[in-house]
Amino acid sequence: MAEGRAVTKFDEATQAIRVDDATYDVCLDDAYSIGGPLNGGYLMATVLRAVVDASPHAHPVSTSAQFLRVPRPGPATVRLARLKSGRTAAMTRATLVQDGESFIEALVTTATLDPAAIPDWSDAPLTTMPDPAHCVPLPVPKAESNMNLSAQVEMLFDPPTVGWLAGQPTGRPESRAYFRMAEPQDPDPYVIALAVDALPPVVFSAGARGWAPTVELTWHLRALPVPGWLTVIGGGRLISDGWFDEDVEVWDSAGRLVAQSRQIARVGRG
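Source: prediction; values computed, not measured. (Residues numbered from 1 in each chain as written. Predicted model: local features only at pLDDT ≥ 70, side-chain atom pairs only at ≥ 80, totals over all residues. Heavy atoms only, no water.)

J.: Any details on helix α2 (residues 40-54)? Residues and values, ideally.
T.: Between its first and last C-alpha, α2 extends 22 Å over 15 residues, near the 21 Å set by a 1.5 Å rise per residue. Within α2, 13 of the 15 residues are buried, leaving the element largely enclosed by the surrounding structure. (Helix = DSSP H or I, 4+ residues; strand = E, 2+ residues; numbered from the N terminus. Expected span 1.5 Å × (residues − 1). Buried < 20%, exposed > 50% of the residue type's maximum accessible area, 1.4 Å probe, protein only.)

Written out as structure tokens, the structure reads:
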């Protein structure tokens, strides 16, 4: 958390309290659930709070998480095992445990990024986004849907990529949106962990529906974002045999690529 700013609800929801060098207590918050299950990006952010607190380095530059089971809201523990600690990077195995069972296994590399670093070279975004004024929010969900995450974030979507809401999917696995927290908060690595898994599954735009559980997600923090909207661009390459992949790029308001992710997930059920 940045020094000198107010603690936000997201800070509190991802707080990791140190018990000892290898153990942190957390409390998983139902406010970050989607139709029941907790969002995978939120769970990663919570685990990363513990990893970074125990690391000599300030930023989670690479995270690879296996989602073994779906944890419930409430108390849980993050257990850490340091694999390497060097001058430029440290590697840690982190396990999210609840009631004696492992729910997430993650390998995390931490380093310390320079906020003033200028890219030596950067590719253009996968696709351009319209101005936010020409983008649209998702409809406010009904209370009984338990889509609680929608109240914690603001997202404005490129209209074609949410045509599935009106029964008009584009036929391609894609999703694009501007993203920020609903409570004023400048983006940081933990907000980005949430952002890389915040889009509706890209298979919705290809015609699929239903809960699409993430099985494995790897993401890289490439730069520290400046304040403002994040642009989140997602797409897929293959939908086959009940599985799909999803690649996501996150760009900050200065037009810099700040994160990349790839996940493999099950096609939605129902």
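Let us keep going from here.
J.: Please set out the side chain of S175 residue by residue, giving values where relevant.
T.: For S175, the location among the structural elements is in strand β8 (residues 174-181). Setting aside its immediate chain neighbours within four residues, S175 contacts F157, T161, L199, P200, V202, V232, I233 and G234. (Contact = heavy atoms within 4.5 Å.)

J.: Which residues make up the UniProt feature "domain: Acyl-CoA thioesterase-like N-terminal HotDog" (unreviewed entry) in the protein chain, and what values go with them?
T.: Annotation from UniProt places "domain: Acyl-CoA thioesterase-like N-terminal HotDog" (unreviewed entry) at residues 32-111. What you have in residues 32-111 is 19% helix and 51% strand, and the ends, taken at the C-alpha atoms, are 27 Å apart. (UniProt positions renumbered as here; feature names shortened; annotations may be inferred.)

J.: Explain the pairing of strand β13 (residues 257-266) residue by residue, including any values.
T.: In regular strands, side chains alternate between the two faces of the sheet. Bridging between strand β9 (residues 214-221) and β13 involves 7 bridges; their strand directions are antiparallel. Looking across to β13, one finds that L217 is bridged to Q263. Sheet analysis places strand β12 (residues 243-251) next to β13, joined by 9 bridges and oriented antiparallel. Of the residues in β13, the one forming a bridge with W251 is L257. The hairpin turn running from β12 into β13, its antiparallel successor, is 5 residues long, and G255 in that turn takes a positive phi close to 80°. (Pairing = 2+ DSSP bridges.)

J.: Which residues make up unusual backbone geometry, and what are the values?
T.: Even without being glycine, D99 reaches a positive phi, approximately 55°. Looking at the element boundaries, D99 is found in the loop between β5 (90-98) and β6 (101-111). Judged by relative accessible area, D99 falls into the exposed class, the value being 62%.

J.: Quick one: what's the story with the nonpolar core, residue by residue and with numbers?
T.: Within the largest apolar cluster, 64 residues are counted, with the highest numbers of intra-cluster contacts made by F10, Y42, V78, L96, F179 and W219. Per-element tally for this core: the top contributor is α2, with 9 residues. With residues up to four places along the chain from it excluded, the contact list for L96 reads V26, L28, L43, V47, P71, A76, T77, V78, E101, S102, F103 and I104. (Core = buried A, V, L, I, M, F, W, Y, C linked by side-chain atoms within 4.5 Å.)

J.: Describe the pairing of strand β2 (residues 23-28), with residues and values.
T.: Where strand β1 (residues 17-20) lies against β2, 3 bridges are found, and the strand directions are antiparallel. Bridging from a neighbouring strand, I17 pairs with D25 of β2. Hairpin connection of β1 to β2: 2 residues between the antiparallel strands.

J.: Describe the side chain of T110, naming the residues involved and giving the relevant values.
T.: Of note, T110 is situated in strand β6. Among the residues examined, T110 registers a relative accessible area of 0% and is labelled buried. Those residues within four positions of T110 in sequence are excluded, and the remaining contacts are V51, V52, S55, H57, H59, P60, V61, T88, A89 and A90.

J.: Requested: an account of the environment of T109, with residues and values cited.
T.: With respect to the secondary-structure elements, T109 resides in strand β6. Distance from T109 to A223, taken between C-alpha atoms, is 14 Å for residues 114 residues apart in sequence. In this structure, T109 is in contact with H59, P60, V61, S62, A89, A90 and M91, ignoring residues within four places of it in sequence.

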